[in-house]
Amino acid sequence: MSALFANKLSQFDESGVLSTLLNNLDGMVFRYRNDALSSMELVSAGCQKITGYAADHALYLSRLSYERLCHADDLDKMRELIREALEHQLPYELEYRILHANGESRWLWERGVGVYNASGRLEAVEGLISDITARKKADQVTLEVERRYRSIVENAIEGIFQSTPQGYISVNPALVRIYGYGSPQQMMAELKQIDTQLYVEAGRRQQFMQLMEQQGSVTNFESRVYRKDRSIIWISENARTVYDEAGKIMFYEGTVEDITERKLYEAEIEHRASHDMLTGLPNRALLYERLQQGIMQAQHHNERLALAFLDIDQFKYINDSLGHQAGDQLLQIMSERLLACMRDSDTVARLGGDEFVLILNYHADADELDSVMQRIRSSVSQPCRIEGRELTVTCSIGISIYPGDGDQADVLLKNADAAMYKAKELGRDNYQYYAGVLTPAVADRLDLMNKLRIAIEARQLALHYQPKIDLLSGRIHSAEALIRWQHPAQGMISPADFIPLAEETGLIMPIGEWVIHTACAQAMQWLMLGHQPIRIAVNISPRQLHHGDLAQIVKTALDETGLPPSLLELEITESMMMHNMETSIATLHQLKAMGVYLSVDDFGTGYASLSYLKKFPVDCLKIDQSFVRDIAIDRDDAAIVKAIISLGHILNLSVIAEGVESLEQASFLQQNACDCAQGYYFGRPVSNEAFTLLLDTPAKLTDKDLNKAGLKQEQPQSASPAKPQTHSRESLY
Ligand SMILES: Nc1nc2c(ncn2[C@@H]2O[C@@H]3COP(=O)(O)O[C@H]4[C@@H](O)[C@H](n5cnc6c(=O)[nH]c(N)nc65)O[C@@H]4COP(=O)(O)O[C@H]3[C@H]2O)c(=O)[nH]1
């Protein structure tokens, strides 16, 4: 310590205790007089550390000298503050920067107080100065962190908020934008009742606060909210509760994301999955859901529910004759009309095609339902303009009612469908209630239809084969494939029972395709096994000829199985060919061009005439079994059969008779130059295994048989049969 400083101190502290204390202080104690130079009376040793200069340095002979170390920017403020405090006899406190002897800038904190005499005049100023550089730096860092934080908050794309149960305490510009306000201040001032002003769903804010209280946070809390202009958007909130030291909730803070676009997209995807694209109506999946809900509700309230199955009567005709676009337009018009007839709480769904299903919440009596059905019928049958034409259609409706007609969605639908079918049977353009229409016949039919739907996949269908015999050689010449349905519970079901149903429901398309493919594969197998070439005949139904792509299906089957086209025969009834003649002729020409063999089935039962027959590229006439049955005893039938044989030969067609059950019938046909015959007499339809065995064994129509009837001349096996008739007989290839 310098001599000067020690001297000064000793004036105050004779014992030295005070000077030791002051010099050990982590700061610098000072006292200067209130004279012209502000002469220093006391500066403690801390001066060295704080300023880098020794306390008794000439510099400190006056306060003014000390002030030269001060940062120019802080000096005036410092002086002014001290002057004002002293003038009012108050202590002062200030912070300023100085230049340390080592060239560094330091922050100092100074606290001073004036010393006044009895008359109140300022005698001296004394005080303490400490180095607060470290704290200032820390403050700076804190400030920087805060600045950065603020910048993140201000510039975030997500909305950020702090709120209390009473309202917002801070919000960022993004949130202000999301909620459509002008500024954070405006938003916080106007949006006071968050629960009612913001959330669309009542009680949503309470749920938010409850979760915050229970879990301390919420994640992806999705809600619909009102913007300032009352438009509605979807938001997702993530927030946490901030507690004070005592564990009391101070506020909630969190982020808000506008998820409206995502929600709209999700809604669109959901809509597509549950609605029909053409009409926008609920589809089958949504119908089931609504129906199940409706049933539950009706059950709960002990009410009834009506389900109406509606089918547009002439739709197929319009679709076929005017084209799909016209059909689509008609369906759109119909769906709008149906919607207009229903209440908002009811459902109109489209199952596909021209089938609509309506769910009616049905509170009142049957009259109410009747009047709705009348309204629907009259609305559907109003004329509509499609592609410049005026069209009028009608509809058939079947109605089932919960709980009387079923308490399961499936059952109600099935029963409404049955009732609709009844309405169709009763001449269309009417509606029928299920109760009362379910005759055993209808029930059986529905049952059969449902079973048939799964028959192919369940491998319950099989083909049996019936031989067709060449009457000249007595040998198997070809085979007719006849479908068999082996039902696990019901046993063998006759095609006569299910083929018409399959035709009506459209199931004939997959079934028919399966038959063609299986028959081709079988004939090819026989060929591969080394048997003589056996032509396989397949029955074609009207829908296959008129609505499917028969030529393509046949081509695919031939390509896939490798069967030569000439070994495939298609049997088409004459009535089928007469209907929709132009399409029929075109399809038959396509098939003929491929090399497929074509026969007219059930010949003689339709309206075929010579002139028509000439137009069709057919190879063979098949005389219907109703004429064959009595040829031996009925002269008329015998005459008809003879005439058909002649007619066929005149047209250069082969002729076959079906339903041949006796030797007499076979003899008659042979005598009258019929080329082939088929019937129980020669062989019943049998399984493929049995038919393969048949091919290995001699023909049933043995030489002995034919000789007995005086028909057959013995002929060597290898020799080709003589041609007794004048008409040509095509070769198998
Ligand atoms: N009384 C008597 N009947 C005989 C005799 N010989 C054969 N039949 C039977 O007469 C039917 C001949 O077939 P269809 O006239 O085409 O009549 C067929 C045909 O229209 C249809 N069908 C059968 N299989 C198919 C198929 O795969 N596709 C299509 N679309 N229809 C088929 O079902 C009808 C009935 O078939 P099936 O019950 O197999 O009955 C067969 C056959 O078993 C006989 O000597 N006497």
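Residues numbered from 1 in each chain as written. Predicted model: local features only at pLDDT ≥ 70, side-chain atom pairs only at ≥ 80, totals over all residues. Heavy atoms only, no water.

The record held by UniProt for the protein chain lists under Catalytic activity (unreviewed entry) the comment "3',3'-c-di-GMP + H2O = 5'-phosphoguanylyl(3'->5')guanosine + H(+)". (UniProt positions renumbered as here; feature names shortened; annotations may be inferred.)

Let's shift gears to the overall build of the protein chain. Secondary structure summary: the protein chain contains 29 helices and 26 strands in total. Counting the 733 residues in the protein chain, one finds 48% classified as buried. (Helix = DSSP H or I, 4+ residues; strand = E, 2+ residues; numbered from the N terminus. Buried < 20%, exposed > 50% of the residue type's maximum accessible area, 1.4 Å probe, protein only.)

Ile536, Leu568, Leu570 and Leu669 are the most contacted members of the largest nonpolar core, which has 85 residues in total. When residues of this core are assigned to their parent elements, the largest contribution, nine residues, is made by helix H19 (residues 508-528). Of the domains in this structure, domain 3 (277-438) and domain 4 (461-708) are the two that each give at least three residues to this core. Ignoring anything within four residues of it in the chain, the contact list for leucine 669 reads Leu471, Ile631, Val641, Ala657, Val660, Cys674 and Ala677. Listed in part, the 32 residues of the second largest apolar core include Ala326, Val348, Val393 and Cys395. (Core = buried A, V, L, I, M, F, W, Y, C linked by side-chain atoms within 4.5 Å. Domains from an automatic or database assignment. Contact = heavy atoms within 4.5 Å.)

With eight of nine residues buried, strand E11 (residues 304-312) is to be regarded as a mostly interior element. Here E11 pairs with strand E16 (residues 395-402) via eight bridges, running antiparallel. Paired with leucine 310 across the two strands is isoleucine 397, which belongs to E16. (Pairing = 2+ DSSP bridges.)

Turning next to the site of the ligand. By nearness alone, 20 residues border the ligand, and Gln466, Arg484, Asn539, Glu661 and Tyr680 come closest of all. The side chain of glutamate 480 places a nitrogen or oxygen atom 3.4 Å from an oxygen atom of the ligand. Between the ligand and the protein, one listed contact pairs a nitrogen atom with a side-chain N or O atom of glutamate 661 at 2.6 Å. The protein chains hide 80% of the 790 Å² of surface that the ligand would expose on its own. (Near = heavy atom within 4 Å. Polar contact = N/O pair within 3.5 Å; in protein donor to acceptor, adjacent residues only side chain to side chain. Areas by Shrake-Rupley, 256 points an atom, 1.4 Å probe, with all protein chains shown as cover.)

Turning our attention to the packing of aromatic side chains. Scanning the model with the defined rule gives ten aromatic pairs in all. Ring centres 6.0 Å apart and planes at 80° place the aromatic pair tyrosine 431 and tyrosine 433 in the edge-to-face group. Ring centres of tyrosine 681 and phenylalanine 682 lie 5.0 Å apart, and the angle between their planes is 75°; on these two criteria the pair is classed as edge-to-face. When sorted by exposure, tyrosine 681 lands in the same class as phenylalanine 682, which is buried. Linked through ring pairs, Phe208, Phe221 and Tyr252 together constitute an aromatic cluster. Stacked on the ring of tyrosine 226, the Lys or Arg arginine 230 has its end atom at 3.8 Å from the ring centre. A cation sits over an aromatic face here: lysine 263 above tryptophan 234, 4.5 Å from the ring centre. (Phe/Tyr/Trp six-rings, centres within 6.5 Å; stacked < 30°, edge-to-face > 60°. Lys NZ or Arg CZ within 6 Å of the ring centre and 35° of its normal.)

Taken together, the side chains of Glu158, Glu257, Asp258 and Glu261 define an acidic patch exposed on the protein surface. Along the polypeptide, aspartate 258 turns up in strand E10 (residues 249-258). (Patch = residues over 30% accessible without salt bridge, like charges linked within 9 Å, V, L, I, M, F, W, Y side chains within 5 Å. Salt bridge = Lys/Arg side-chain N within 4 Å of Asp/Glu carboxyl O. Lys, Arg positive; Asp, Glu negative; His and termini not counted. Charge placed at Lys NZ, Arg CZ, Asp CG, Glu CD.)

The subject of this paragraph is the packing of helix H13 (residues 315-322) against helix H14 (residues 324-341). One way to put it is that H13 packs onto H14 with a least axis distance of 6 Å and a crossing angle of 145°. Across from Phe315, Ile318, Asn319 and Leu322 in H13, the residues of H14 making contact are His324, Ala326, Gly327, Leu330 and Leu331. Of the residues assigned to the contact of H13 with H14, the class counts are six nonpolar, three polar and no charged. (Axes fitted to C-alpha atoms, helices over the stretch in contact; angles between N-to-C directions. Nonpolar A, V, L, I, M, F, W, Y, C, P; charged D, E, K, R; others polar.)

In space, the five strands of this open sheet follow the order E2-E1-E5-E4-E3, with antiparallel pairing throughout. Looking at which strands have only one partner, the edges of the open sheet turn out to be strand E2 (40-43) and strand E3 (92-99). This sheet shows a mean twist of 25° between the axes of neighbouring strands, independent of strand direction. The pairing of strand E1 (residues 28-33) with E2 spans three bridges and is antiparallel. Bridge pairing links arginine 31 to leucine 42 in E2.

In this section: the confidence of the model for the protein chain. Residues of the protein chain with pLDDT of at least 70 account for 90%, and the chain-wide mean is 87. For the protein chain, the element scoring lowest by mean pLDDT is helix H29 (residues 703-708), at 50; strand E21 (residues 535-539) scores highest, at 98. Residue range residues 708-733 is modelled with pLDDT below 50. Its contacts to residues more than four positions away, or to other chains, number 51 contacts. The ipTM for the predicted assembly is 0.96, set against a pTM of 0.49. (pLDDT = per-residue confidence, 0-100.)

Right, let's get into the sheet that holds strand E9 (residues 232-243). Spatially, five strands are ordered E7-E6-E10-E9-E8 in an open sheet, and the strand pairing comes out antiparallel. With one partner strand each, in any of the chains shown, strand E7 (167-171) and strand E8 (217-226) form the two edges of the open sheet. Averaged over all pairs of adjacent strands, the angle between their axes in this sheet comes to 35°, without regard to strand direction. One ladder, built from four bridges, connects strand E6 (residues 159-164) with E7; its direction is antiparallel. Following the sheet pairing, glutamine 162 is matched in E7 by serine 170. Its contacts with the sheet put helix H10 (residues 204-215) on E6, E8, E9 and E10, and the angle it makes with E8 is roughly 170°.

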